[in-house]
Amino acid sequence: RIFQAVVSWVEHDGTIYVIPKSFEIPLNKLMMDIQSSFFNCLGLLETYHWKKGEACIVRGSDTMWYRGKVTGVGGSAVQVQYIDWGFRELIPQCHLYPTTLYTGVPPFCIHCQLYGIVPVGKVWQQDAVSCLQELLINEEVEIHIQKLPRNPWGKVSIRLYFGGMSLSSFMVYQKYCVAEGSEVLAELELLEGDAPVLPSYVLPSLPVPGDPFPVTVTHLVTPREVYICFSPKNLMQGSAAETDSSCQLEGLDEALRWCNKIVGYLPPLTYFHAEMPCLVEYQDGLWHRGKLLSVHQINPVKILVQFVDYGTYFVVPETRVRPMPCCLLKYPIRAVRALLAGIKPAPYDENMERIPYSPEWSMEALWAMVECVEGKELSASILALSPEVTISLCEADKTLVHQKLIEKGLAVLDE
């Protein structure tokens, strides 16, 4: 069985508590009932002799009441487990109240153990548990049940996936655990993006030539050479292919979010080759999909990279490059390189500053084109797929975006 769940807690012994997404509505209803029933309750003010395993209602630090179970007694505080979330706390007795209400409702959290791995030394170490807690608590994950316990209160053996990555393989990769089965080792190979040979990025499916579609321009190389991204609105019109594309966008965003959480655990790159997929840190501090183009400088090492979902190029130090987890390679790149039809550079004017890497174009023409496309949703239509993708690009009023450049004498029509 496979289901989505939110991780509520990770215990010191590696037990992972999850709340299935399908339980959210009944759990919220139960919580509302508890708050209503105990709204005026001040807690237990007189002395009470608590017993281990006894049911109770607990006032949490957020002043809300929760179902609990006494797991330890001693001194002025009582150790209590929040049975619907899994975590334990020492609670002052004045914040507890014995009750038999709601005891007939099973706990909403499921306690699980990772299948196919064992912790190093067969005991979960604190750094491994801290890693699990940092990664998982309050996060939505995908649960694959592998084995049910014989005892109804036992742990369910699971495989857990976050952002398309296997948690078991990740823990083996970080040397917190060792694999017991071949399946974990196979998934480990998919996680290890520092393998000498990685597959290339998947190219997106292009619209039918001649059909208009909304795009945004994410990068300009020259006024004629651009990178475009399909508008998300275009991916939500209802067809199976469009729905699949929309799901891919959401899946990539989620996978990148998880990669930004685990990037601190990924090692630096130890080798480089052209067109190699990688993770690259952008100026906003977030890590994005990229590919290595060349080593720009040797000492210190600086690398020319391209952010494949935007088309932009940057020179970055090697400290801002990490191996690419293979799970990110299944999503098509978002930025498509295209040439604009019907435009070519104006006659060369040596008095105008030129684009260094494309001197037939002036810098003024480049900045004028930036003003024409920046932050706008435009309409594109594919005119040719080979030898290169060639498009017409129009504004909302059907005016060609390069018309203003022609009017200013910064470009000319290419018949």
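Note that the coordinates shown come from a computational prediction; the quantities given were computed from them, not determined experimentally.

J.: Which residues make up the overall build of the protein, and what values do they have?
T.: Each helix and strand in the protein was counted, giving seven helices and 27 strands. Against the 2.2 N^0.38 benchmark of 22 Å for 415 residues, the protein shows a C-alpha radius of gyration of 29 Å, more extended than a compact globule. Along the three orthogonal principal directions, the C-alpha set of the protein runs to about 95 × 45 × 40 Å. A separation of at least 24 residues holds for 61% of the contacts in the protein among residues at least 6 apart in sequence. Of the side chains in the protein, 33 bear a positive and 46 a negative charge, and the two mean positions are spaced by 8 Å.

J.: Residues and numbers for the sheet that holds strand 18 (residues 302–307), please.
T.: In spatial order, the strands read 19-18-17-16-20; together these five strands make up an open sheet with antiparallel pairing. Two strands close off the open sheet at either side, each with one partner strand: strand 19 (313–317) and strand 20 (321–323). Mean inter-strand twist for the sheet, computed between neighbouring axes without regard to direction, equals 50 degrees. As judged from the five bridges shared by strand 16 (residues 277–281) and strand 17 (residues 287–297), these two strands associate in the antiparallel manner.

J.: Lay out the pattern of salt bridges with the relevant residues and their values.
T.: Pairing of side chains with opposite charge becomes possible as their charged atoms draw close. Here the structure, examined in full by the defined rule, presents 15 salt bridges. As a salt-bridge pair, Lys29 and Asp33 come within 3.5 Å of each other at their nearest N and O atoms. Of this pair, Lys29 and Asp33 both sit in helix 1 (residues 24–37), four residues apart, which is roughly one turn of that helix. Take Asp33: its relative accessible area is 32%, and that puts it in the partly exposed class. Residue Arg337 is joined to Glu225 by a salt bridge in which the shortest nitrogen-to-oxygen separation is 2.8 Å. Of the two residues, Arg337 is situated in strand 21 (residues 335–340) and Glu225 in strand 15 (residues 225–230); the sequence distance between them amounts to 112 residues. Assessed through its relative accessible area of 30%, Arg337 is described here as partly exposed. Overall, Glu225 belongs to the buried group, its relative accessible area being 17%. Each of the salt bridges in this network shares a partner with another, and the network as a whole consists of Glu139, Glu254, Arg257 and Lys261.

J.: How would you explain the pairing of strand 24 (residues 358–362) if you had to name every residue and give the values?
T.: Two elements, strand 23 (residues 354–355) and strand 24, share two bridges in a ladder whose sense is antiparallel. Directly across from Ile355, in strand 24, lies its bridge partner Ser358. The turn joining strand 23 and strand 24, which pair antiparallel and follow one another in sequence, is formed by two residues.

J.: How would you sum up the UniProt feature "domain: Tudor" (unreviewed entry) in the protein? Please name residues and give values.
T.: UniProt tags residues 49–106 and 271–331 as "domain: Tudor" (unreviewed entry). End-to-end, the C-alpha atoms of residues 49–106 are 25 Å apart, and along that stretch the chain is 0% helix and 50% strand.

J.: Requested: an account of unusual backbone geometry, with residues and values cited.
T.: The linkage connecting Asn299 with the following residue, Pro300, adopts the cis geometry, with an omega of -5 degrees. Along the polypeptide, Pro300 turns up in the loop between strand 17 and strand 18. Of note, the bond from Ser386 into Pro387 is cis; its omega dihedral lies within 30 degrees of zero at 5 degrees. In this structure, Pro387 sits in the loop between strand 25 (378–384) and strand 26 (390–394). Not every positive phi belongs to a glycine, and Lys175 is a case in point at roughly 65 degrees. When you line up the elements, Lys175 lands in the loop between helix 3 (167–173) and strand 13 (177–179). If you check the backbone angles, Lys398 has positive phi at about 75 degrees while not being a glycine.

Rules used throughout
- Residues take numbers from 1 onward in each chain, read along the sequence in its written order.
- The predicted origin of the model limits local features to residues at a pLDDT of at least 70 and limits the giving and counting of side-chain atom pairs to 80 or more, whereas totals for whole chains, interfaces and linings rest on all residues.
- To get the side-chain values, all heavy atoms of the structure are used, and hydrogens and water are removed first.
- The secondary structure listing takes helices from DSSP runs of H or I that are at least 4 residues long and strands from runs of E that are at least 2 residues long, numbered from the N terminus.
- Our radius of gyration is a C-alpha quantity, and the globule rule it is checked against amounts to 2.2 Å times the number of residues to the power 0.38.
- In what follows, a contact means two residues having at least one pair of non-hydrogen atoms within 4.5 Å.
- Lys and Arg are tallied as positive, Asp and Glu as negative. Neither His nor the chain termini are counted.
- One atom stands in for each charge, and that atom is NZ of Lys, CZ of Arg, CG of Asp or CD of Glu.
- One bridge is not enough; two strands pair if DSSP finds at least two bridges between them.
- Fitted lines through C-alpha atoms serve as axes, helices being fitted only where they are in contact, and the angles separating the N-to-C directions of these axes extend from 0 to 180 degrees.
- Only one rule defines a salt bridge in this text: a Lys or Arg side-chain nitrogen within 4 Å of an Asp or Glu carboxyl oxygen.
- Burial classes follow relative accessibility: with a 1.4 Å probe on protein chains only, a residue under 20% of its type's maximum area counts as buried, one over 50% as exposed, and anything between as partly exposed.
- UniProt positions are given in the numbering used here, feature names are shortened, and annotations may be inferred rather than shown by experiment.

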